[in-house]
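# Per-entry structural report
Letter by letter, the chains look like this.
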Amino acid sequence: MIDFERLAAEFGTPLYVYDANEIRKRVRFAKGVFESLNANIVFALKANGNPAILKVMAQEGIGADVVSRGELLAAKMAGMQSIVWNGNGKQPEDITHFINKSIEYVSIDSLEELPLWDGIDVIKLLRVNPDVDPHTHPHISTGLKTHKFGVSLDKIGKVVDRIDGLHVHIGSQITDVDPFLEAYSRVYDCARKFGLKFIDLGGGWGIDYTGEQLDIERLKAGTEEIFADYDGKLIAELGRFIIGPAGYLVARVVSLKPSDKIFVVTDAGMNTLIRPVLYDAHHRIKTLKGTGKTVTVDVVGPLCESGDVLARDRRMEVPIPGSVIVFENAGAYGFSMANNYNGMPLPAEVLVDGEDYRIIRTRQGIEELFSNVKL
Ligand code: LLP
């Protein structure tokens, strides 16, 4: 059991805390799922880009999916080997930088981007848009033809001699198996038809925020069936599944404000964890020191917006003011989407490894907010 009170006392709040053993366990589990398919697993750094965390993953032998020079640097600092460069807005002047850093794959997002890669020595995947609805929140759905990503499957024929494989990613936090299998089989049919030797299956595995879960056994069986006779290489880009449940956000209760319902005011706001505001996301909250009363509350942050709500109409034990509460499943898209709104510094991050723990990112200082300002 992680002693969140102690970590909060030592490092202050808001604080992101990660469990190294849970990360290792989840990487090994993911590897097990793809074992018979011999897939290359890469971690999507957008979910969490702290190099100390990435190092735990690199030691387990997985690579990186990066979208920027910043993420590439983090992956390299962590010693991640196999790297995929993704994105729909790559700048031509970044290509030399990425190639010099020996990336293994590039996912090309459009036919317009394709000529940039002619003659460049890298494994070229073309992102396809299979027009499959993943039944997830509209902001994190990516595989419908109305979305900005990828090229429709009927356009691939014209360019097969300029690419090595295909890439598909239909969305994130998907808990329904069928859209994955539908997308995989559409992409496989196309790859087989044109003899393409690489397929990147993207990420998207949903985790248990609310009790709803992805049936990974069924996904595994279905994926094995689809690719049973494939003699090419598969790649999987998992983000949330690996790091989401291995991370927690610890916040201190600043006050309790009775109104129509109680507002539990914490020192974490939507600057610290933006997911509830952006996607109506639900993060379970643990009260560590409670008043013994369980009622419906709004857990809110300190920012100057009514929308700064981390949990709305939540039934929970009312915490004692001054104690800390813990948001679960906060490892993915938590710190990585945190920001400086209202002049709030970015939180600190701690990595717990069995009995040991250490700070892996110190809290941002307020002077740092202005270190690049010219008066
Ligand atoms: N591959 C590509 C091309 C992606 O765009 C993404 C996520 C992943 C892999 C990893 O997906 P995952 O396994 O984590 O679902 N900020 C949102 C999630 C945005 C996902 C963006 N792309 C959230 O907090 O829910």
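Everything numeric in this text was worked out from a predicted model, so none of it was measured.

## Here's the deal with the site of the ligand
What surrounds the ligand is a group of 20 residues, the closest being Ser172, Glu237, Arg275, Tyr279 and Tyr333. One of the backbone nitrogen or oxygen atoms of glycine 239 is found 2.9 Å away from an oxygen atom of the ligand. Taking arginine 275, its side chain carries an N or O atom lying 2.6 Å from an oxygen atom of the ligand. Taken by itself the ligand offers 590 Å² of open surface, and the protein chains cover 91% of this.

## A look at helix α7 (residues 216-226)
Residues Ile216, Leu219, Gly222, Thr223 and Ile226 constitute the buried set of α7. One side of α7 holds all its buried residues, which, seen down the axis, span an arc of 125°. The outward face of α7, more than 90 degrees from its buried face, is lined by the exposed residues Glu217 and Glu225. Residues of α7 that are buried in the fold lie against α2 (20-33), α6 (177-194) and α8 (240-243). For α7, the capping residue at the N-terminal end is aspartate 215, with a side-chain oxygen 3.3 Å from the backbone nitrogen of glutamate 217.

## Details of the domain arrangement of the protein
Each assigned domain of the protein is listed with its residue range as follows: domain 1 (4-16 + 245-362) and domain 2 (20-241). Domain 1 puts 23 residues into the contact, and the matching count from domain 2 is 24 residues. The largest share of the area that domain 1 buries against domain 2 comes from Pro245, Tyr279 and Tyr333, three residues that together contribute 27% of it. For the pair domain 1 and domain 2, the number of links is two salt bridges. Among the ionic pairs, arginine 284 bridges to aspartate 208, the shortest N-O distance being 2.8 Å. Seen at the junction of domain 1 and domain 2, the total is 11 residue pairs in polar contact (both at pLDDT 80 or more). Secondary structure elements with two or more residues in the side of domain 1 that touches domain 2: α9 (275-279), β17 (348-353) and β18 (356-361).

Conventions used here
- Per chain, residue numbering runs from 1 following the sequence as it is written.
- Local features in this predicted model are restricted to residues whose pLDDT is 70 or higher, and side-chain atom pairs enter the listing and the counts only when it is 80 or higher, whereas totals over whole chains, interfaces and linings include all residues.
- Computation of side-chain values: all heavy atoms of the structure, hydrogens and water removed.
- Neighbouring residues are identified by heavy atoms, a residue being near a molecule or strand if any of them is within 4 Å of it.
- Definition of a polar contact: a pair of N or O atoms within 3.5 Å, with one able to donate and the other able to accept a hydrogen when the atoms are protein atoms, and with sequence-neighbouring residues admitted only if both atoms are side-chain atoms.
- Using the Shrake-Rupley algorithm and a 1.4 Å probe, accessible areas are obtained, with residue cover drawn only from the displayed protein chains.
- Only protein chains enter the accessibility calculation, which uses a 1.4 Å probe; a residue is then buried when its area is under 20% of its type maximum, exposed when over 50%, and partly exposed in between.
- A run of DSSP states H or I qualifies as a helix once it reaches four residues; a run of E qualifies as a strand once it reaches two. Both are numbered from the N-terminal end.
- Think of the arc as the fan of directions from the helix axis to the C-beta atoms.
- Residue contacts are counted whenever heavy atoms from the two residues lie within 4.5 Å of one another.
- Start and end points for every domain follow an automatic or database-based domain assignment.
- Here's the idea: put two parts together, see how much 1.4 Å probe accessible area each one loses, and the total over both is what we call buried area.
- Here, a salt bridge means any Lys or Arg side-chain nitrogen found within 4 Å of an Asp or Glu carboxyl oxygen.

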